[in-house]
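Here are the chains, one letter per residue:
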Amino acid sequence: MLGATSSEQNARFGDKSKLHMRRTAFPPHFAHKLDVRKVQLAVIEPWVTGKVAELMGIEDEILVQFVMSQLTAGGAVDPKAMQVNLTGFLEAHAAPFMSELWQLLLSAQAAPGGIPPEFVERKKEELRLKKLEQERLEAELRERRQAAEQASIATRLAAEASAREMAERRAKLEEKLALRAAAAAGASAGTGLSLIHI
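Residues numbered from 1 in each chain as written. Predicted model: local features only at pLDDT ≥ 70, side-chain atom pairs only at ≥ 80, totals over all residues. Heavy atoms only, no water.

### What to know about the side chain of Lys-51
And then number 1: With respect to the helices and strands, Lys-51 occurs in helix α2 (residues 41-56).
And then number 2: Taking the relative accessible area as the measure of exposure, Lys-51 reaches 15% and is therefore buried. (Helix = DSSP H or I, 4+ residues; strand = E, 2+ residues; numbered from the N terminus. Buried < 20%, exposed > 50% of the residue type's maximum accessible area, 1.4 Å probe, protein only.)

Next up, the structure:
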């Protein structure tokens, strides 16, 4: 009966991995050791999620958890072994992914708080852009309010001018009517006087 064997039990798997590591040219920064305890992995995980989605074209939570488990397994993290382990998933993207991840991890390790300075700067830039957008929206809202107020004032002034013009027309009309009435009354009174004189 055949039993399942692990990679440690089967020398063929270990040899392939070691052979792959010997044949691969790793970047020089892989020589730097990493103390994972000095890194805020909660900040690194969203980057890993985004980068995996970018490289794979889909979100792959299993692969993200695999990467994070490699970092939290305990003991020293070997970037070369990680890259070899990820090659089956990321293929040609494994080397650039691991290189960028390792640089971020080393940067976070050296930074106070365990957050890569690149992330801090990116967050500052995001906040600055949000503030600029907020200021732009507030200025646009002020301009719209001012335009609405000016339109309201213009409408009110036009209505007042129209009311004045109507009042002036009415007054002129009433004056003309009064003059006509006075002329008619004067004419009829003049006719009456002329009849008395006859």
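### Here we look at the packing of helix α3 (residues 61-72) against helix α4 (residues 79-90)
And then number 1: It is the contact of α3 with α4, at a shortest axis distance of 11 Å, that shows an interaxial angle of 175°. The angle between the axes of α3 and α4 places the two elements in the roughly antiparallel class. Counted together, Leu-63, Phe-66, Val-67, Gln-70 and Leu-71 of α3 and Met-82, Asn-85, Leu-86, Phe-89 and Leu-90 of α4 form the full contact between these two elements. (Axes fitted to C-alpha atoms, helices over the stretch in contact; angles between N-to-C directions. Parallel < 35°, antiparallel > 145°, perpendicular 65-115°, else oblique. Contact = heavy atoms within 4.5 Å.)

### Notes on the environment of Phe-89
And then number 1: Here Phe-89 shows up in helix α4.
And then number 2: In this structure, the C-alpha to C-alpha distance between Phe-89 and Met-56, residues 33 residues apart in sequence, is 8.9 Å.
And then number 3: Setting aside chain neighbours within four positions, we find Phe-89 in contact with Met-56, Leu-63 and Phe-66.

### Re the nonpolar core
And then number 1: Judged by nonpolar contacts, the single largest core of 30 residues is most densely connected at Val-48, Phe-97, Leu-101 and Leu-105.
And then number 2: Elements supplying a minimum of two residues to this core: α2, α3, α4 and α5 (94-110).
And then number 3: Ignoring sequence-local partners within four residues, the contact set of Val-48 consists of Val-64, Val-67, Met-68, Phe-97 and Leu-101. (Core = buried A, V, L, I, M, F, W, Y, C linked by side-chain atoms within 4.5 Å.)

### Some words on α2
And then number 1: The terminal C-alpha atoms of α2 lie 22 Å apart, and with 16 residues this matches the ideal 22 Å at 1.5 Å per residue to within 8%.
And then number 2: Among the residues making up α2, those that are buried are Leu-41, Ile-44, Trp-47, Val-48, Lys-51 and Val-52. An end-on view of α2 places all buried positions within 135° of arc, on one side of the element. Among the exposed residues of α2, those pointing more than 90 degrees away from its buried face are Ala-42, Pro-46 and Glu-54. (Expected span 1.5 Å × (residues − 1). Arc of directions from axis to C-beta.)

### Some remarks on unusual backbone geometry
And then number 1: Phi angles above zero are rare outside glycine, and Glu-91 is one such case at about 50°.
And then number 2: You can see Glu-91 is positioned in the loop between α4 and α5.

### So, the packing of aromatic side chains
And then number 1: Summed over all chains, the structure comprises four aromatic pairs.
And then number 2: With centroids separated by 5.7 Å and ring planes inclined at 20°, the aromatic side chains of Trp-47 and Phe-97 adopt a geometry described as stacked. Here Trp-47, found in helix α2, pairs with Phe-97, found in helix α5; they are 50 residues apart in sequence, far enough to count as distant. For the pair formed by Trp-47 and Phe-97, the shared burial category is buried.
And then number 3: Seen from their ring centres, Phe-66 and Phe-89 are 5.3 Å apart, and the 50° between their planes marks the pair as tilted. Residue Phe-66 is located in helix α3, and its partner Phe-89 is located in helix α4; the two are separated by 23 residues in the primary sequence. (Phe/Tyr/Trp six-rings, centres within 6.5 Å; stacked < 30°, edge-to-face > 60°.)

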